[in-house]
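Residues per chain are reported as follows:
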Amino acid sequence: MAILEHVDGRLDRMTESRRAKPVNTTKDKKVGVGRPRDLSADESILRAAIDLFSEYGIEGASIEQIARRAGVARTTIYRRWLSREDLLVHAIEHGRNFPEQSMEGLEKMQPDELLNLAVKAGIDALTRPQFRKLAARLIGSSMSHPALMSVYQTTYLQPRRRAFAKVLKIARAQGLLPSNTDVEILFDMLTGAMLYHLLLQPEEHDDEKIRVYLLKLFEQAGWRIRDQKPKRRSGTRQSEQSS
């Protein structure tokens, strides 16, 4: 962090005479007085970051390399993100195509709603080769670059885990889970099984098969599934009607 603060300070002094804008981070998106923030630059930076991280890992995704591929100055990146880890974590989430849900929104969900959301997100994650590659890169960097996993845990994983646990407690209170269910252990079991399927069984890409697998996973964990019959494909319905 000391090195980053030193570099950031030098970069700020270099650009101070040209503009006086507050530093923007992923936690502070307000734009100060002056030129509006270029959203196309944001998209280019995020795309460059996710592509480099996916192709070469964190060693090949330095701020300089990301800036070069995105076609922007390094100062443009430093005004938006606190560190390389902050940028990469934001890029990973941006590339997941996961529906944005605030922690408050997750906590207010009914158990069946959370189940549907979890299954939908699981299908998206387990059937996308790009996300599988990103997950492997993220987990693989945890030993050599623990700061990246630390930022990801603090920013996304821990808040979602807490929100998910609250809804699991509601499901337990409603009788959808056994009364003696340990929601923390249950969360570990579900995420562990999904990671195993994601990283060690990469050949499965069929949405319906993944959906059935995830429902069985929740069911084996003790969740009482309600009204989760497999959806028929439109082609199947048409062939049945014509026969």
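Residues numbered from 1 in each chain as written. Predicted model: local features only at pLDDT ≥ 70, side-chain atom pairs only at ≥ 80, totals over all residues. Heavy atoms only, no water.

## What to know about the packing of aromatic side chains
Each aromatic ring pair is summarised here by two numbers: the centre-to-centre distance and the angle between the ring planes. For the structure shown, the criterion picks out 3 aromatic pairs. Aromatic pair Tyr152 and Tyr156: ring centres 5.9 Å apart, planes at 45°, arrangement tilted. Of the two residues, Tyr152 and Tyr156 are both situated in helix α9 (residues 146-173); the distance of 4 residues between them amounts to about one turn of the helix. Residues Tyr152 and Tyr156 agree in their burial class; the two are buried. With 5.5 Å between their ring centres and 70° between their planes, Phe164 and Phe187 make a pair best called edge-to-face. Taken together, the positions of Phe164 in helix α9 and Phe187 in helix α10 (residues 183-200) put the pair 23 residues apart, joining distant regions of the chain. Like Phe187, Phe164 is buried. (Phe/Tyr/Trp six-rings, centres within 6.5 Å; stacked < 30°, edge-to-face > 60°. Helix = DSSP H or I, 4+ residues; strand = E, 2+ residues; numbered from the N terminus. Buried < 20%, exposed > 50% of the residue type's maximum accessible area, 1.4 Å probe, protein only.)

## Some points on the nonpolar core
Residues Phe164, Leu168, Leu190, Leu214, Phe218 and Trp223 are the most contacted members of the largest nonpolar core, which totals 31 residues. Breaking this core down by element, the ones donating at least two residues are α7 (111-126), α8 (129-140), α9, α10 and α11 (207-220). A per-element tally of this core places α7 first, with 8 residues. The contact partners of Leu168, leaving out residues within four places of it in the chain, are Leu177, Val183, Leu186 and Trp223. Core analysis: the second largest hydrophobic core is formed by 27 residues, Ile63, Ala67, Trp81 and Tyr152 among them. (Core = buried A, V, L, I, M, F, W, Y, C linked by side-chain atoms within 4.5 Å. Contact = heavy atoms within 4.5 Å.)

## A look at the packing of α7 against α9
As a packed pair, α7 and α9 sit with axes 9 Å apart at the nearest point and diverge in direction by 130°. The angle between α7 and α9 falls in the class oblique. For the pair α7 and α9, the sense of crossing is left-handed. Residues Pro111, Leu114 and Ala118 of α7 lie in contact with α9, whose contacting residues are Phe164, Val167, Ile170 and Ala171. Its residues assigned to classes, the contact of α7 with α9 comprises 7 nonpolar, no polar and no charged. (Axes fitted to C-alpha atoms, helices over the stretch in contact; angles between N-to-C directions. Parallel < 35°, antiparallel > 145°, perpendicular 65-115°, else oblique. Left-handed = near helix turned anticlockwise from the far one by under 90°. Nonpolar A, V, L, I, M, F, W, Y, C, P; charged D, E, K, R; others polar.)

## A closer look at a nonpolar patch on the surface
Among the surface-exposed residues, Ile139, Leu195, Tyr196, Leu199 and Leu200 lie close enough to one another that they form a single nonpolar patch of about 450 Å² accessible area. It is α10 that contributes the most residues to the nonpolar patch, 4 residues altogether. With respect to the element layout, Leu200 can be found in helix α10. (Patch = residues over 30% accessible without salt bridge, like charges linked within 9 Å, V, L, I, M, F, W, Y side chains within 5 Å. Areas by Shrake-Rupley, 256 points an atom, 1.4 Å probe, with all protein chains shown as cover. Salt bridge = Lys/Arg side-chain N within 4 Å of Asp/Glu carboxyl O.)

This is a description of form; function is not addressed.
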